[in-house]
Structure formats: structure tokens, C-alpha cells
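Residue-level structure breakdown
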Amino acid sequence: MFSKKGKLKKEFDEQFVTLMKETKAEWHQAQLIEDYLNDYDLDAVAKRKMTESIHFYLYKEAKIRNVVLK
């Protein structure tokens with residue numbers, strides 16, 4: 001009966017790690033797009049900043065939850 005909590009935490013931690021990896025990939029993709037642009041594009045800068053802030057929010061949340069990235 002009490003092992004259910006550990007099983008759920010493990011499952012949601014795995015989903016959380018997957019989400020963090022996806023946002024990191026999106027952030028790096030946005031950085032590459034911004035680097036390849038010749039002119040200053042506000043949309044590209046906004047997308048990069050948005051994905052960066054989402055990634056660092058998830059990183060701080062992982063520290064609070066004590067999630068270990070593998």
C-alpha cells in the first residue's frame with residue numbers, strides 16, 4: 001500500500017527528466033537559429049529567451065524536487 005507513493009514519484013520524475021531534455025533541445029535549437037540569422041530578428045530573440053526561461057524554471061524545480069538527471 002505504501003509503495004505506491006514511491007512508484008508514482010519515480011514515474012513522474014522520469015516524465016520530468018524527459019521534459020527537461022526536450023526543453024534543453026528546444027533552447028539549443030533556438031540559439032542556433034538566432035546565431036544563423038544575419039539581421040536582428042525580434043521573434044527569434046523572443047523565442048530563445050522564452051525557451052531559456054522555461055528550461056531554467058524546470059531546472060530550479062528539479063533542484064527543489066531532488067530529481068537526478070541521468
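Scroll up a little and you will see the structure.
Predicted model, so just to flag it, every value in this text is computed and none were measured.

A few words now on the overall build of the protein. Along its length, the protein carries 2 helices and 0 strands. The globule rule puts the C-alpha radius of gyration for 70 residues at 11 Å, and the 16 Å found for the protein is more than 25% above it. Considered along the principal axes of its C-alpha atoms, the protein spans approximately 60 × 15 × 15 Å. Burial analysis of the protein (70 residues in total) assigns 21% to the buried set. About 6100 Å² of surface is accessible on the protein, with carbon and sulfur atoms providing 60% of the total. If the 14 positive side-chain charges of the protein are averaged to one point and the 12 negative ones to another, these points end up 13 Å apart.

Turning our eyes to something else, we now look at helix α2 (residues 42-65). The terminal C-alpha atoms of α2, which comprises 24 residues, lie 34 Å apart, in line with the 34 Å expected from a rise of 1.5 Å per residue. Immediately beyond the C-terminal end of α2, within one or two residues, lies Asn 66, with a positive phi of roughly 60°.

The next point concerns the nonpolar core. Residues Phe 16, Val 17, Met 20, Leu 58, Ala 62 and Val 67 constitute the largest nonpolar core, which totals 6 residues. When residues of this core are traced back to their parent elements, those giving at least two are α1 (3-36) and α2. Residue contributions to this core peak at 3 residues, all from α1. Among all residues touching Ala 62, those that are not within four sequence positions of it are Phe 16, Met 20 and Val 67.

This part covers the packing of aromatic side chains. Per the stated rule, a full pass over the model turns up 1 aromatic pair. Positioned above the aromatic ring of Phe 16 is the side chain of Arg 65, whose terminal nitrogen or guanidinium carbon lies 4.6 Å from the ring centre.

Approximately 180 Å³ is the volume attributed to the largest pocket. Contributing to the lining of the largest pocket are Lys 9, Lys 10, Asp 13, Glu 14, Val 17, Asn 66, Val 67, Val 68, Leu 69 and Lys 70.

Now for unusual backbone geometry. Excluding glycine, residues mostly carry a negative phi; peptide bonds, for their part, are mostly trans. In this model, Asn 66 sits at a positive phi of 60°, which is unusual for a non-glycine residue. On the basis of relative accessibility, which here comes to 62%, the residue Asn 66 falls in the exposed class.

What counts as what
- Residues numbered from 1 in each chain as written.
- Predicted model: local features only at pLDDT ≥ 70, side-chain atom pairs only at ≥ 80, totals over all residues.
- Heavy atoms only, no water.
- Helix = DSSP H or I, 4+ residues; strand = E, 2+ residues; numbered from the N terminus.
- Rg over C-alpha atoms; globule rule 2.2 N^0.38 Å.
- Buried < 20%, exposed > 50% of the residue type's maximum accessible area, 1.4 Å probe, protein only.
- Areas by Shrake-Rupley, 256 points an atom, 1.4 Å probe, with all protein chains shown as cover.
- Lys, Arg positive; Asp, Glu negative; His and termini not counted.
- Charge placed at Lys NZ, Arg CZ, Asp CG, Glu CD.
- Expected span 1.5 Å × (residues − 1).
- Core = buried A, V, L, I, M, F, W, Y, C linked by side-chain atoms within 4.5 Å.
- Contact = heavy atoms within 4.5 Å.
- Phe/Tyr/Trp six-rings, centres within 6.5 Å; stacked < 30°, edge-to-face > 60°.
- Lys NZ or Arg CZ within 6 Å of the ring centre and 35° of its normal.
- 1 Å grid on protein atoms, 1.4 Å probe; cavity = no way out; pocket = protein on both sides within 12 Å on 5 of 7 lines; lining within 4 Å.
- Points joined across faces, edges and corners; volume = space filled by probe spheres on them.

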